[in-house]
Amino acid sequence: IRYRGIQFNYPEGVRYQYRMEGSSNESWIDAGEKREASFFDLAPGSYTFSVKAMNADGFWSDPISLNVTILQPWWWSWSARIAYLLLAIAAAYGFYRFQLSRRLAEAEATRLAELDHVKTRLYTNITHEFRTPLTVIQGMADKVAERPDRFLENGISMIRRNSQQLLRLVNQLLDLAKLESGHLSLNTQAIEINPFLAYLIESFESYAETCQLDLQHHSTLEDLIVEVDPDRLTDILSNLMTNAIKFTPEGGQVSVETHRSRNQLQITVQDTGQGIAAEDLPHIFDRFYQVDSSDTRGGEGTGVGLALTRELVQVMGGKITVESRLNQGSTFRVSLPLKVVEEVAVDAPAFTPLVEPTAIQPSSAPIATGAPHILVVEDNADVAQYIQSCLEGDFRITWAKDGQAGIEQALELIPDLVISDVMMPRKDGFELCYALKHDRTTSHIPVILLTARADADSKLAGLRKGADAYLTKPFDEKELRIRIDNLLALRRTLQERYLSGVEVTEEAPAGFEQEDTFISQFKAVVTERLDDPKLDVSALGMALNLSRTPLHNKLKALTGMSTTEFVRHIRLQHAAELLKEPQYNISEVAHATGFQSPNYFTRRFRELYGVTPKEWREARDAEK
Ligand code: ADP
């Protein structure tokens with residue numbers, strides 16, 4: 001702002017003061033002779049600028065004022081601010097949309113992954129469910145054709161049972177598909193409900209008995225003739241009962257109660273089994289859902305049963321509910337509308353009696369003494385029996401029902417070979433394999449895994465766990481035999497290797513590093529105390545940190561000799577080496593290698609080398 005005080009006689013003497021009211025500094029400011037004031041930092045608003053002048057005589061004029069308005073800059077005007085606000089809202093909205101679509105995409109990806117997981121689970125389970133009976137059917141058919149005298153009766157019933165199981169599975173899957181597309185129609189008949197249910201429940205008695213369960217049936221239902229679809233009612237009840245039996249451990253109880261409440265038929269299936277966790281409960285009626293779908297789950301299944309049951313109950317106009325506590329048991333309640341009719345239909349109700357799988361024990365086949373001992377680990381009794389029938393006569397066979405039992409028995413019996421299923425309760429085949437291969441007493445035992453999972457991944461997993469062979473169900477009997485023979489032959493080469501030299505020198509064949517170390521350790525202990533006749537099994541066991549029986553079994557498998565025999569073998573090998581040195585006489589050599597009596601030494605020496613020590617020395621001398 002420029003200003004000027006007018007004074008004609010002495011204009012150089014004029015002095016000024018100014019101030020800006022409304023600014024941060026409102027006091028008068030001395031401007032001296034300067035005739036302008038500058039303001040740089042005034043915020044938008046109203047101000048009053050005042051200036052006064054003093055003449056050379058020291059008189060001040062009255063101030064004059066100027067009102068100043070600093071306008072908002074364009075970028076902070078109201079319209080600009082509204083524009084900003086709109087922009088901000090648009091940006092927030094855009095961000096929200098972006099986040100939303102990202103989250104949707106993520107959810108979709110998770111959903112797809114889950115779907116994929118369910119599909120894989122479904123395929124694995126269903127293929128297992130198909131392959132297991134197929135193994136028995138194919139295998140037993142061959143057996144029957146081969147030796148009808150031995151296998152006809154047993155074989156045919158196994159084939160029947162397993163094909164029935166397959167058929168039931170296929171029917172379940174088809175029914176489920178029909179139900180979903182609404183094409184399943186009910187085929188109702190008038191039947192006497194009480195005897196019908198009693199018969200149905202009774203047909204489970206032998207199955208319950210083989211599972212060592214107590215099966216109870218209570219009914220407060222009057223004698224009624226009702227209209228139902230007997231086949232569908234059978235499906236519902238047998239699904240619930242099969243589950244109850246399947247998921248209840250030995251010694252438990254399954255009870256079925258039937259009663260009428262007004263015009264509803266109420267069926268309650270209660271068990272004292274493993275129960276279902278609260279978080280799983282809402283899903284058990286979903287298709288292919290299994291609480292435990294791991295390889296180690298107990299009981300076979302596809303997760304179709306309950307889905308089908310619920311659909312059937314709904315088609316029949318009823319309701320199904322479940323209550324369950326983990327480790328205490330489950331209760332399934334079905335209520336169906338009761339359509340009472342007076343008369344029994346002229347045709348007798350045609351319901352198919354159920355054939356339930358009864359667990360059978362593999363027969364005790366004639367045992368060839370001295371034959372290799374094979375441990376079969378398989379939870380399905382029919383498959384176990386089929387494997388046994390493939391091997392009987394040439395092998396001694398022991399059967400373990402699941403992976404855990406398999407490991408325990410293998411440690412106790414030290415078999416010559418293990419054949420194991422992969423999917424089994426408690427411990428699966430991979431775990432079994434890993435456990436056996438990592439225990440010093442069993443690491444040498446060849447393991448053949450038999451499995452329904454044909455994918456390359458499982459195969460690799462099996463081999464990585466140290467399985468020596470991996471066969472897919474249904475397997476070929478000849479292939480199994482060849483694998484067994486090869487693996488046992490490999491053990492024999494190994495025996496020769498461990499018996500041949502004083503020391504294990506060459507590099508171990510792949511997979512036998514552990515065995516080599518073990519034998520080397522053993523030989524080292526013996527060599528160190530070569531002249532000590534008191535070196536016995538317990539001293540050796542102590543040195544190697546193994547108790548008597550496992551030590552014996554392990555040596556037997558690796559060398560074909562007992563501990564004492566193998567110690568003597570090592571002593572004699574050393575003796576043969578010592579005999580090359582002319583400075584020792586025979587009895588000195590005998591003492592140096594732990595034989596107290598030279599006569600006994602000579603006898604044992606001849607047994608091994610076919611010549612006496614003296615002859616052996618002479619032959620060596622002649623060579624030179
Ligand atoms: P699955 O073929 O596996 O038996 P279901 O559809 O019949 O299929 O059952 C689904 C799952 O529900 C089972 O895998 C099991 O985990 C659980 N379940 C069903 N019935 C029972 C029961 N009585 N006790 C414990 N768990 C059960």
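What counts as what
Residues numbered from 1 in each chain as written. Predicted model: local features only at pLDDT ≥ 70, side-chain atom pairs only at ≥ 80, totals over all residues. Heavy atoms only, no water. Helix = DSSP H or I, 4+ residues; strand = E, 2+ residues; numbered from the N terminus. Rg over C-alpha atoms; globule rule 2.2 N^0.38 Å. Buried < 20%, exposed > 50% of the residue type's maximum accessible area, 1.4 Å probe, protein only. Contact = heavy atoms within 4.5 Å. Areas by Shrake-Rupley, 256 points an atom, 1.4 Å probe, with all protein chains shown as cover. Lys, Arg positive; Asp, Glu negative; His and termini not counted. Charge placed at Lys NZ, Arg CZ, Asp CG, Glu CD. Salt bridge = Lys/Arg side-chain N within 4 Å of Asp/Glu carboxyl O. Pairing = 2+ DSSP bridges. pLDDT = per-residue confidence, 0-100. Axes fitted to C-alpha atoms, helices over the stretch in contact; angles between N-to-C directions. Phe/Tyr/Trp six-rings, centres within 6.5 Å; stacked < 30°, edge-to-face > 60°. Polar contact = N/O pair within 3.5 Å; in protein donor to acceptor, adjacent residues only side chain to side chain. Patch = residues over 30% accessible without salt bridge, like charges linked within 9 Å, V, L, I, M, F, W, Y side chains within 5 Å. Core = buried A, V, L, I, M, F, W, Y, C linked by side-chain atoms within 4.5 Å. Near = heavy atom within 4 Å. Nonpolar A, V, L, I, M, F, W, Y, C, P; charged D, E, K, R; others polar.

1. Re the overall build of the protein
Reasoning step 1: Secondary structure assignment for the protein yields 18 helices and 17 strands.
Reasoning step 2: Against the 2.2 N^0.38 benchmark of 25 Å for 624 residues, the protein shows a C-alpha radius of gyration of 46 Å, more extended than a compact globule.
Reasoning step 3: Along the first, second and third principal axes, the C-alpha set of the protein runs to 155 × 105 × 35 Å.
Reasoning step 4: In the protein, which comprises 624 residues, the share counted as buried stands at 43%.
Reasoning step 5: Pairs at least 24 apart in sequence give 66% of the contacts found in the protein among residues at least 6 apart.
Reasoning step 6: Here the protein has roughly 33500 Å² of accessible surface; of this, 52% comes from carbon and sulfur atoms.
Reasoning step 7: With 66 positive and 86 negative side-chain charges, the protein shows a separation of 5 Å between the mean positions of the two kinds.

2. Here's the deal with the pattern of salt bridges
Reasoning step 1: Scanning the entire structure with this criterion turns up 20 salt bridges.
Reasoning step 2: Across the pair Arg19 and Glu21 runs a salt bridge whose closest N-O atoms are separated by 3.7 Å.
Reasoning step 3: One salt bridge in this structure joins Asp235 and Arg232, with 2.8 Å as the shortest N-O distance. Here the residue Asp235 and the residue Arg232 both occupy positions in helix H5 (residues 230-246), the gap between them amounting to 3 residues, near one helical turn.
Reasoning step 4: Given a relative accessible area of 23%, Asp235 falls into the partly exposed group.
Reasoning step 5: Each of the salt bridges in this network shares a partner with another, and the network as a whole consists of Lys143, Glu146 and Glu477.

3. As for the pairing of strand E10 (residues 319-325)
Reasoning step 1: Going residue by residue along E10, you find Ile320, Val322 and Ser324 tucked away on one face and Lys319, Thr321, Glu323 and Arg325 left uncovered on the opposite face.
Reasoning step 2: When E10 meets strand E11 (residues 329-337), the two strands line up antiparallel, connected through 7 bridges. Each residue of the ladder has a partner; that of Lys319, found in E11, is Ser335.

4. Let's talk about the confidence of the model for the protein
Reasoning step 1: On average, the protein scores 83 in pLDDT, and the residues at 70 or more come to 91%.
Reasoning step 2: Scored below 50 in pLDDT, residues 343-365 makes 51 contacts in the model with residues more than four places away or belonging to other chains.

5. Description of the sheet that holds strand E2 (residues 29-32)
Reasoning step 1: A sheet is described by the order of its strands in space; here 4 strands give the open sequence E2-E1-E3-E4, paired in antiparallel fashion. Of all the strands in the sheet, just E2 and strand E4 (64-70) have a single pairing partner and so form its edges. Direction aside, neighbouring strands of the sheet carry axes that sit 25° apart on average.
Reasoning step 2: The pairing of strand E1 (residues 15-21) with E2 spans 3 bridges and is antiparallel. Across the sheet, Tyr18 pairs through a bridge with Ile29, a residue of E2.

6. Structural notes on the packing of aromatic side chains
Reasoning step 1: For the structure shown, the criterion picks out 15 aromatic pairs.
Reasoning step 2: Judged by centre distance (6.5 Å) and plane angle (35°), the rings of Tyr3 and Phe49 are tilted. Of the two residues, Tyr3 is situated in the segment before E1 and Phe49 in strand E3 (residues 45-54); the sequence distance between them amounts to 46 residues. Of the two residues, Tyr3 and Phe49, neither departs from the other in class, the shared state being buried.

7. Side note on the environment of Glu565
Reasoning step 1: By the secondary structure assignment, Glu565 is in helix H15 (residues 563-578).
Reasoning step 2: Note: C-alpha distance between Glu565 and Tyr289 (276 residues apart in sequence) is 58 Å.
Reasoning step 3: In this structure the side chain of Glu565 is engaged in a polar contact, spanning 2.9 Å, whose partner is the backbone nitrogen of Ser562.

8. Let's talk about a nonpolar patch on the surface
Reasoning step 1: On the surface, Trp74, Trp75, Trp76, Tyr84 and Leu87 cluster together to form a nonpolar patch covering roughly 660 Å² of accessible area.
Reasoning step 2: Locating Trp74 in the fold gives a position in the loop between E4 and helix H1 (78-146).

9. Let's talk about the sheet that holds strand E14 (residues 396-400)
Reasoning step 1: The strand order across the open sheet formed by 5 strands is E14-E13-E15-E16-E17, and the pairing between neighbours is parallel. One side of each edge strand has no neighbouring strand; the edge strands of this open sheet are E14 and strand E17 (469-472). Ignoring which end each strand starts from, the neighbouring axes of this sheet average 20° apart.

10. Some words on the nonpolar core
Reasoning step 1: Ile193, Leu237, Ile284 and Phe332 are the most contacted members of the largest nonpolar core, which totals 51 residues.
Reasoning step 2: Ranked by residues supplied to this core, first place goes to H5 with 7 residues.
Reasoning step 3: Setting aside anything within four residues of it in sequence, one finds Ile193 in contact with Leu221, Leu224, Val226, Leu233 and Leu265.
Reasoning step 4: Grouped together as the second largest cluster of nonpolar side chains are 30 residues, Phe395, Trp399, Leu417 and Leu487 included.

11. Concerning helix H8 (residues 403-413)
Reasoning step 1: Residues of H8 that are buried: Gly403, Gln404, Ala405, Gly406, Ile407 and Ala410.
Reasoning step 2: Those residues of H8 hidden inside the fold are in contact with strand E13 (373-377), E14 and helix H9 (429-437).
Reasoning step 3: Measuring from the backbone nitrogen of Gln404 back to the side-chain oxygen at the start of H8 gives 3.0 Å, which picks out Asp402 as the cap.
Reasoning step 4: Phi turns positive one or two residues past the end of H8, at Ile414, with a value near 45°.

12. Looking at the site of the ligand
Reasoning step 1: Taken together, the neighbourhood of the ligand is formed by 19 residues, with Asn243, Asp271, Gln290, Thr302 and Leu306 sitting nearest.
Reasoning step 2: One of the backbone N or O atoms of Leu306 is found 2.7 Å from an oxygen atom in the ligand.
Reasoning step 3: Breaking the shell around the ligand down by element, the ones donating at least two residues are H5, helix H6 (305-315) and E11.
Reasoning step 4: Element by element, the count of residues in the shell around the ligand is highest for H5, at 3 residues.
Reasoning step 5: In terms of residue class, the shell around the ligand is built from 9 nonpolar, 8 polar and 2 charged.

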